[in-house]
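Here is what each chain is made of, one letter per residue.
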Amino acid sequence: MSQPWTERPLYIAIQYVYYFLMTNIHFMIANLIFIIAFIVFELTLANMIIFYIALLPAGPAIAALCATMGKLTREKEINPAKDFWNYYKKNFLVSVKYWLLKWSILAMLLIDLQYTNAQLKWLTPIIITLIVIFSLIMLYAFPILIRFEVKIKNLWLVSIYSNFKFFKKTLINLSTFVSLFIIYMFAPGITLWFFMSIAAFFIMLNMKKPLQIMEKELTKSFQTDEVSQ
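Residues numbered from 1 in each chain as written. Predicted model: local features only at pLDDT ≥ 70, side-chain atom pairs only at ≥ 80, totals over all residues. Heavy atoms only, no water.

The protein carries the name YesL family protein in an unreviewed UniProt entry, which gives Gracilibacillus xinjiangensis as its organism.

Rendered as structure tokens:
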């Protein structure tokens, strides 16, 4: 008996390309202010305040992208438009609260990086290390906040702890982050945006087991609390 055409590798590959492309389009729409700023203004220290403001709405968009790609890793299919904007609304408040603080810290580090490159080069490796650390924390934070109800303070603590507990997963997340950086360095700037959904997919796929472990631990902790009461 021949294999159903919907299960053939070519069909599945085309379907995933469609999912990545369409989700990416909605992600770019949600970040349209930044994309316009990126096209119009040069990415320099003098224009940093413009890019800082332009990226303020990015938190809910990143959360929605991670949630949509997380659903794709679990269920193997999505409705890009419906799922993306549903997750956007659902995680809006918590992602905004987290992103405002996170992006403000990263923006200050990026400003410091440009300054140290020009004035204090010996500080550059330290600033770069801090940027990488905060980025790795973020790569755990967004998958956690879209999956669990957690306070912002606890989100930071759990994200930092998870980087060490799931160290192999952290290294894979780092490789994804490095891949995006390489694309940014060697391809036209706007090209990076067309890889965001693919990067989010691999991050969520990599985070699948850690999130399952966290869910079991939280369930067990909740049941223990109920028994003790």
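1. Quick word on the packing of helix 4 (residues 58-75) against helix 10 (residues 196-206)
Formally: For every element, the axis is a line fit to its C-alpha atoms; helices are fit only across the contacting stretch, and the angle between N-to-C directions ranges from 0 to 180 degrees. Think of it this way: any DSSP run of H or I at least four residues long counts as a helix, any run of E at least two long counts as a strand, and we number them from the N terminus. Throughout, the term roughly parallel applies to angles under 35 degrees, roughly antiparallel to angles over 145, roughly perpendicular to angles from 65 to 115, and oblique to all others. Crossings are assigned a handedness: left-handed for a near helix turned anticlockwise from the far helix by less than a right angle, right-handed for a clockwise turn. Any two residues whose heavy atoms approach within 4.5 Å are treated as being in contact.
As a packed pair, helix 4 and helix 10 sit with axes 8 Å apart at the nearest point and diverge in direction by 60 degrees. Our classification of the angle between helix 4 and helix 10 gives oblique. By crossing handedness, the relation of helix 4 to helix 10 is classed as right-handed. Side by side, helix 4 and helix 10 meet where Leu 65, Cys 66, Met 69, Gly 70, Leu 72 and Thr 73 of the first sit next to Met 196, Ser 197, Ala 200, Phe 201, Met 204 and Leu 205 of the second.

2. Concerning helix 2 (residues 32-40)
Note the cut-off: A simple rule labels every residue: compare its accessible area, found with a 1.4 Å probe on the protein chains alone, to the largest value its type can have, and call it buried under 20%, exposed over 50%, or partly exposed in between. Think of the arc as the fan of directions from the helix axis to the C-beta atoms.
Considered for burial, the residues of helix 2 that qualify are Phe 34, Ile 35, Ala 37 and Phe 38. Buried residues in helix 2, looked at end-on, bunch into an arc of 160 degrees, giving them a common side. Every exposed residue of helix 2 that faces more than 90 degrees away from the buried side is listed here: Ile 33, Ile 39 and Val 40. Buried residues in helix 2 make contact with helix 1 (9-30), helix 3 (48-54) and helix 9 (167-186).

3. Here's the deal with the pattern of salt bridges
Put simply, the rule is: A side-chain nitrogen of Lys or Arg and a carboxyl oxygen of Asp or Glu constitute a salt bridge if their distance falls within 4 Å.
Summed over all chains, the structure comprises two salt bridges. Of the charged contacts, one joins Lys 71 and Asp 83 as a salt bridge, the two residues approaching to 3.0 Å between their closest N and O atoms. In this pair, Lys 71 sits in helix 4 while Asp 83 sits in helix 5 (residues 80-90), placing the two residues 12 residues apart along the sequence. Judged by relative accessible area, Lys 71 falls into the buried class, the value being 17%. You can call Asp 83 buried: its relative accessible area is 7%. Taking the shortest distance from any N to any O, the salt bridge between Arg 147 and Glu 215 comes out at 3.1 Å. With Arg 147 in helix 7 (residues 124-147) and Glu 215 in helix 11 (residues 208-228), this residue pair connects regions lying 68 residues apart in the sequence.

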